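# Survey of secondary and tertiary structure
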Amino acid sequence: MFQNIIKNISRFVILTPEEENIYEGLLTLQKFPKKTHLLREGEICQFEGFIKEGCVRTYYLDENGFEVTLLFAVEDWWITDIDSFNNRTPSKIFIEALEDTEIYMLNPETKEELMQKVPKFERAFRLMMQRYVVTLQNRLVNTISQPATDRYLEFIRVYPTIPQRVAQYYIASYLGVSKEFVSTIRKRLANKEKQK
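Conventions and cut-offs
Along each chain, residues carry numbers from 1 onward, in the same order as the chain's sequence is written. Where totals are concerned, whole chains, interfaces and linings use all residues; where local detail is concerned, this predicted model gives features only for residues with pLDDT of at least 70, and gives and counts side-chain atom pairs only at 80 or more. Note that water and hydrogens are dropped before the side-chain values are worked out from all heavy atoms of the structure. Only the contacting stretch of a helix is used when fitting its axis, a line to C-alpha atoms as for every element, and angles between N-to-C directions run 0 to 180 degrees. Runs of E in the DSSP output that reach at least two residues are strands. Runs of H or I that reach at least four are helices, and both are numbered from the N terminus. By the definition adopted for this analysis, an angle is roughly parallel if under 35 degrees, roughly antiparallel if over 145, roughly perpendicular if from 65 to 115, and oblique otherwise. Every residue pair with non-hydrogen atoms within 4.5 Å of one another is taken to be in contact. Points on a 1 Å grid over protein atoms alone make up a cavity when a 1.4 Å probe fits among them but cannot get out, and a pocket when they form an open set with protein on both sides within 12 Å along at least five of seven lines; lining residues each have an atom within 4 Å of a point. Grid points are joined across faces, edges and corners, and a volume is the space filled by probe spheres set on the points. Gly falls in the polar group here, along with every residue not listed as nonpolar (Ala, Val, Leu, Ile, Met, Phe, Trp, Tyr, Cys, Pro) or charged (Asp, Glu, Lys, Arg).

Packing of helix α2 (residues 17–26) against helix α4 (residues 108–117) brings their axes to within 10 Å, and their N-to-C directions diverge by 170°. Classified by the angle their axes make, α2 and α4 are roughly antiparallel. Here Ile22, Tyr23 and Leu26 of α2 lie close against α4, whose contacting residues are Thr110, Glu113, Leu114 and Lys117.

Structural data, given as structure tokens:
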């Protein structure tokens, strides 16, 4: 049952069987139907979650009330609002399940207990945070510096399964382009593949 999350954490630290049992004992598995909001703007985020199955997105509402997708998360990804979770501040974002989703959850208390009982998790969470910051930094640089077509190609590299799993307007919202542009670039790339 826990093999995916144990495999994920073993990229950062190696756990003994006893430490694995402690970790597993502190996790809760929660199921969210498609279209469920795990977090809404203004709420305080009460979880860090590892996606066992499903797809979620993080987004915010711009000054005109339009949804702007910040990131997607699928199996083997972690999801949270870092600022709200760590600083206990109201969230500025929404987290929504785009598919029926199962997530292993830690809350602030269980995460703290985990790090006290298994100190090597301090290192694991630090390394995961560094990886997350690099992902966000690359997204920011790409959004500012790359043409839309290149942003789409980078999106496909980072999220290879997403185009088959979510509506085009979510992808357009992530890329900062129209859904018509996404449709056009997908057709163009499909035609290139056929010509090979």
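Turning our attention to the layout of surface pockets. Its boundaries defined by the atoms lining it, the largest pocket holds a volume of some 630 Å³. Considering the residues around the largest pocket, the lining is formed by 24 residues, among which Trp77, Trp78, Met128, Arg131 and Tyr132 are closest to the centre. Sort the elements by how many residues they give to the lining of the largest pocket and helix α5 (residues 120–145) lands first, with eight residues. Grouping the amino acids of the lining of the largest pocket by side-chain chemistry returns 12 nonpolar, five polar and seven charged. Its volume calculated, the second largest pocket comes out at about 360 Å³. In terms of lining residues, the second largest pocket is bounded by Thr58, Leu70, Leu71, Thr80, Asp81, Ile82, Asp83, Lys92, Ile93, Tyr132, Leu136 and Arg139. Those elements that place two or more of their residues in the lining of the second largest pocket are β5 (67–74), α3 (82–87) and α5. Counting residues per element, the lining of the second largest pocket draws most heavily on α5, which supplies three residues. For the lining of the second largest pocket, a count of residues per class yields six nonpolar, two polar and four charged.

Worth remembering: the numbers are spatial, not functional.
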